[in-house]
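Letter by letter, the chains look like this.
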Amino acid sequence: MKSNGFNKINTAVFISGNGSNLKNLIKFSLSKKSPINIKFVLSDKKNAKGLRFPKLHNINYKIYNFSDKSKVENKIIKDLKKKQIKLICLAGFLKILSKNFIKKFKNEILNIHPSLLPKYKGLNTHKRVIENNEKYTGCTVHVVNAKLDSGKIILQKKIKINKKDNYKSLAKKVLKQEHVLYPRAIKKFLILKKKFYL
Ligand code: GRF
């Protein structure tokens, strides 16, 4: 499959939950000029709601049991290499990948985080942002390295917090912007890697 003269990048998306980013990335991948082809979806949770999207679009998916992390990661590495996956997009994936795994896909893993990194790494970001009376929040797409939510930032979107916002309304507002940001960040990342041009 080609896009702008480039081969589309074989991409895997990792999820644990609702999968609204996955749904959005599938839509993006299906557009003619998209640089990616979503070949595989991985979940660590068998009941992840987001699994309905690969089913709907006939995309290969698999659930992995992380109770023995190093064993399962080795299996995943094998499976992804076999499928010639060149880009991994974490989209609400709640497991922390090991240094070994990240090394195997060096500079090939992106994550979306619902804050203006480096602020508010980790979980429960919106709750902490509200509790701290922040005036702005946002979302960030970054490269995954061995430190949690700390790799090179590809793109960020700043979002104003209104007085009436609570953590639920904020989560909704941020998620909407994540859906705009992730495809843009993927394009930018691949352009920087010279795997794609506009
Ligand atoms: C998003 O807010 C994302 O930034 C965070 O987890 C949430 C996943 O949402 N990492 P969804 O499963 O894509 O709807």
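Residues numbered from 1 in each chain as written. Predicted model: local features only at pLDDT ≥ 70, side-chain atom pairs only at ≥ 80, totals over all residues. Heavy atoms only, no water.

Enquirer: Pulling in residues and values, what's your account of the environment of K27?
Expert: Looking at the element boundaries, K27 is found in helix α1 (residues 20-30). Separated by 156 residues in the primary sequence, K27 and P183 have C-alpha atoms spaced 9.8 Å apart. (Helix = DSSP H or I, 4+ residues; strand = E, 2+ residues; numbered from the N terminus.)

Enquirer: Which residues make up the pairing of strand β7 (residues 109-113), and what values do they have?
Expert: Taken across its five residues, β7 has five buried, putting it largely inside the fold. Where burial is concerned, the two faces of β7 agree: the one with I109, N111 and H113 and the one with L110 and I112 are both buried. Looking at chain direction, strand β6 (residues 87-90) and β7 are connected through three bridges and run parallel. By the bridge assignment, I88 is partnered in β7 with I109. A crossover connection joins β6 to the parallel β7 through helix α4 (residues 99-104); in handedness this β-α-β unit is right-handed. The sheet contact formed by β7 and strand β8 (residues 136-143) spans four bridges and is antiparallel. Counted as the bridge partner of L110 is V143 from β8. (Buried < 20%, exposed > 50% of the residue type's maximum accessible area, 1.4 Å probe, protein only. Pairing = 2+ DSSP bridges. Right-handed = clockwise from strand over helix to strand, strands pointing away.)

Enquirer: A description of the site of the ligand should follow, citing residues and the corresponding values.
Expert: In the region of the ligand, the neighbouring residues are N18, G19, S20, N21, G92, I112, H113, P114, L175 and E178. A distance of 2.6 Å separates an oxygen atom of the ligand from a polar atom in the side chain of S20. I112 places a main-chain nitrogen or oxygen 3.1 Å from a nitrogen atom of the ligand. Contact with the protein chains removes 81% of the 370 Å² of surface that the ligand exposes when unbound. Among the secondary structure elements, those contributing two or more residues to the shell around the ligand are α1, β7 and α6 (167-192). Of the residues assigned to the shell around the ligand, the class counts are three nonpolar, six polar and one charged. Two domains each put at least three residues into the shell around the ligand: domain 1 (1-105) and domain 2 (114-140 + 157-198). (Near = heavy atom within 4 Å. Polar contact = N/O pair within 3.5 Å; in protein donor to acceptor, adjacent residues only side chain to side chain. Areas by Shrake-Rupley, 256 points an atom, 1.4 Å probe, with all protein chains shown as cover. Nonpolar A, V, L, I, M, F, W, Y, C, P; charged D, E, K, R; others polar. Domains from an automatic or database assignment.)

Enquirer: Account for a positive patch on the surface, naming residues and giving values.
Expert: Together, K81, K86, K103, K104 and K195 give the surface a local cluster of positive charge. Residue position: K86 is located in the loop between α3 (69-82) and β6. Owing to a relative accessible area of 47%, K86 belongs among the partly exposed residues under this scheme. (Patch = residues over 30% accessible without salt bridge, like charges linked within 9 Å, V, L, I, M, F, W, Y side chains within 5 Å. Salt bridge = Lys/Arg side-chain N within 4 Å of Asp/Glu carboxyl O. Lys, Arg positive; Asp, Glu negative; His and termini not counted. Charge placed at Lys NZ, Arg CZ, Asp CG, Glu CD.)

Enquirer: Which residues make up the packing of aromatic side chains, and what are the values?
Expert: For the structure on display, the rule yields four aromatic pairs. Measuring from centroid to centroid gives 5.3 Å for F14 and F93, while their planes differ by 70°, and the two rings are edge-to-face. Linking F14 in strand β3 (residues 9-15) with F93 in the loop between β6 and α4, this pair joins segments that are 79 residues apart in sequence. You can call F14 buried: its relative accessible area is 0%. On the basis of relative accessibility, which here comes to 8%, the residue F93 falls in the buried class. Ring geometry for F66 and F93: centres 5.9 Å apart, planes at 65°, overall edge-to-face. Here F66 is found in the loop between β5 (60-63) and α3, whereas its partner F93 is found in the loop between β6 and α4, with 27 residues between them in sequence. In textbook terms, an aromatic cluster arises when at least three aromatic residues are bridged by ring pairs, as seen for F14, F66, F93, F101 and F105. Above the plane of the ring of F105 lies K81, whose end atom (NZ or CZ) is 4.1 Å from the centre. For K158, the ring lying beneath its charged end belongs to Y136, and the centroid distance is 4.4 Å. (Phe/Tyr/Trp six-rings, centres within 6.5 Å; stacked < 30°, edge-to-face > 60°. Lys NZ or Arg CZ within 6 Å of the ring centre and 35° of its normal.)

This is a description of form; function is not addressed.
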